[in-house]
Amino acid sequence: MSEIFTTQTPFLYLAQFALALGIGFMLTFFHRTYGRVYLRTWSHSAYTYCVHALAFTYLTSAYSTDALLRSVGGLISATFNHIHIVFLFMGVYEAIHQRSVKRNSKRSFIAVGVGLGLITTAAFAIDPKDFILQVGWLDFITGISIATGGMILLLTRSLRGIGVKMVGGSFVGYGTIHLYDLYTVATTLMGDPTLLPQTGIVKLVLIACIGFGLVIWLLEDEQELLRKTNRELDSFIYSTSHDLRAPVASLLGLLNVARKEVNDRKALDFLNLIEDRTQKLDDVVGDILNLARAKKSELRYENVDFNALLADSMSDVKYIDSAKKIELRYFESPGNQFIGDYSLTKMVLGNLLSNAIKYHSPSKPDPYIEVQFEKTAGHVSFVVADNGEGIDVMHQGKIFDMFYRASEKSKGTGLGLYIVKETLARIGGSVEVESKKGKGTSFRITLEQPVSF
């Protein structure tokens, strides 16, 4: 065995084989799950590297004494190493352009890799020095190629994120290590007896970094895709709800006109049923539009007078049936002010007031809604409590889910409390609920206050 290798070298290449095989399986799984074309190509690169690593494990071991087997091993090692580099470069192209390399181009590139492998093997013979020449040629091709691929990834503006930087940097580092190995080969050929530091452990670390970087890259890519999909979905929901609101409002207006012109009792009953269902549709469209607005609107913090905010919110819900029968209990104070987004906070308060009115208890002689405002260091809270139907314990953990109704008598859309939760997440608030069936419900909203404004 050449002096550039030690007794540990075969085990290090065997470890590289195991690590590359694991990365190949991982990339295959991710490709099948997420459909990224470059992941499939890089999995092929990992698998071909495994073959090279196994062949090199044999070539650097004490058992590689047969001349014919060494020739075959050298051919396999060199050929699959260059095919591994070809697949790596094709993966870089696919990652940048987000499309697969054409089949004919793939075949041409693989043919180039095989050709380079044959050329490399031509320098191989039984003489150990010829083997050192082959190793030097492999290091030169591998070092230049992988370092170049890494630089391309790092310099491509369309590829961003920690994962891309980690993969590109690891490629550059891995290529640099091979060029260092080339220097080791050169000193050996020149007869320098100095034993330079071994790089097998460093290669293992860099291969592991490439694997971790690919995982981070994929997660970041999926996260960005999810953000884009959510933005498009929010825009679609907003525009669709906005377009539906006008014809629904027109239909309600036409129903009012028709009721004045129709005298037949049965026809009026049908018109009332149509109006009731249309009003239900209008409520659903309105809630979806509010939800879209809560997610799309820009946050605008200002000094908010809670007294005015409550009065404004009550004026929006006074049209609800039986709203006039419910007493509002609130102690108005000039000091009830805070920093917040007026429209989004109003959306939260309005939904809580609306729920308190809809779910009041008709059997109780004095239905009321009690609103309290509390201000502490760094926080502001307001409580909306009622003596209505209350919420059963089994439902309290689900009332903030989309379209969930805790009562069979519910006339709402099932979106009100979901909108409360989503809006509070947007403005940095939290909600707590306390309720007893038949006694009433209390919601506490807590908002963080900025240190400076």
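The coordinates are above.
Residues numbered from 1 in each chain as written. Predicted model: local features only at pLDDT ≥ 70, side-chain atom pairs only at ≥ 80, totals over all residues. Heavy atoms only, no water.

## Topic: the overall build of the chain
At step 1: In terms of helices and strands, the chain carries 12 helices and 7 strands.
At step 2: For the chain, the proportion of its 453 residues judged to be buried stands at 43%.
At step 3: Across the chain, the fraction of contacts at a sequence separation of at least 24, relative to all contacts at a separation of at least 6, is 74%.
At step 4: Element-wise, carbon and sulfur atoms account for 61% of the exposed surface of the chain, whose accessible area totals about 24500 Å². (Helix = DSSP H or I, 4+ residues; strand = E, 2+ residues; numbered from the N terminus. Buried < 20%, exposed > 50% of the residue type's maximum accessible area, 1.4 Å probe, protein only. Contact = heavy atoms within 4.5 Å. Areas by Shrake-Rupley, 256 points an atom, 1.4 Å probe, with all protein chains shown as cover.)

## Section: the side chain of Ser-313
At step 1: As for its placement among the helices and strands, Ser-313 is situated in helix 9 (residues 306-317).
At step 2: Excluding residues that lie within four positions of it along the chain, Ser-313 makes contacts with Lys-346, Leu-349, Gly-350 and Leu-353.

## Considerations on the packing of helix 9 against helix 10 (residues 342-358)
The axes of two packed helices give the description: the angle between them and the distance between them.
At step 1: At a minimum axis separation of 9 Å, helix 9 and helix 10 run at an interaxial angle of 50 degrees. Regarding the angle of helix 9 to helix 10, the classification is oblique. In this structure, helix 9 crosses over helix 10, and the sense of that crossing is right-handed. Every residue of helix 10 that contacts helix 9 at Phe-306, Ala-308, Leu-309, Leu-310, Asp-312, Ser-313, Met-314, Asp-316 and Val-317 is listed here: Tyr-342, Thr-345, Lys-346, Leu-349, Gly-350, Leu-353, Ser-354 and Ile-357. (Axes fitted to C-alpha atoms, helices over the stretch in contact; angles between N-to-C directions. Parallel < 35°, antiparallel > 145°, perpendicular 65-115°, else oblique. Left-handed = near helix turned anticlockwise from the far one by under 90°.)

## Some points on the packing of helix 1 (residues 9-34) against helix 2 (residues 37-59)
At step 1: The interhelical angle for the contact between helix 1 and helix 2, taken along N-to-C directions, is 160 degrees, at an axis separation of 8 Å. Classified by the angle between their axes, helix 1 and helix 2 sit roughly antiparallel to one another. As for how helix 1 packs across helix 2, the hand of that crossing is left-handed.

## Concerning helix 12 (residues 416-427)
At step 1: With 12 residues, helix 12 ought to run about 16 Å at 1.5 Å a step, and its terminal C-alpha atoms sit 17 Å apart, in line with that.
At step 2: Residues of helix 12 that are buried include every one of Gly-416, Leu-417, Tyr-418, Ile-419, Val-420, Thr-423, Leu-424 and Ile-427, and no others. (Expected span 1.5 Å × (residues − 1).)

## Focus on the pattern of salt bridges
At step 1: Going through the model one piece at a time under the given rule, you end up with 9 salt bridges.
At step 2: Residue Lys-346 is joined to Asp-312 by a salt bridge in which the shortest nitrogen-to-oxygen separation is 3.4 Å. Placement of Lys-346 in helix 10 and of Asp-312 in helix 9 is noted, with a sequence separation of 34 residues between them.
At step 3: With a relative accessible area of 22%, Lys-346 lands in the partly exposed category.
At step 4: The residue Asp-316 makes a salt bridge to Lys-346 at a minimum N-O spacing of 3.0 Å. Residue Asp-316 is located in helix 9, and its partner Lys-346 is located in helix 10; the two are separated by 30 residues in the primary sequence.
At step 5: A cluster of three or more residues bridged by salt bridges with shared partners is formed by Arg-36, Asp-221 and Glu-222. (Salt bridge = Lys/Arg side-chain N within 4 Å of Asp/Glu carboxyl O.)

## So, the packing of aromatic side chains
At step 1: Evaluation of the coordinates by the stated rule reveals 13 aromatic pairs.
At step 2: Judged by centre distance (6.1 Å) and plane angle (50 degrees), the ring pair of Phe-30 and Tyr-34 falls under tilted. Of the two residues, Phe-30 and Tyr-34 both sit in helix 1, 4 residues apart, roughly one turn of that helix.
At step 3: Note on Phe-30: relative accessible area 16%, which makes it buried. (Phe/Tyr/Trp six-rings, centres within 6.5 Å; stacked < 30°, edge-to-face > 60°.)

## Some remarks on the side chain of Asp-386
At step 1: Looking at the secondary structure, you find Asp-386 in strand 5 (residues 379-386).
At step 2: In this structure Asp-386 comes out as buried when scored by relative accessible area, which is 11%.
At step 3: Side-chain polar atoms of Asp-386 contact the backbone nitrogen of Gly-388, separated by 2.8 Å.
At step 4: Among residues more than four places away in sequence, those in contact with Asp-386 are Ala-356, Tyr-368, Lys-439, Gly-440 and Thr-441. (Polar contact = N/O pair within 3.5 Å; in protein donor to acceptor, adjacent residues only side chain to side chain.)

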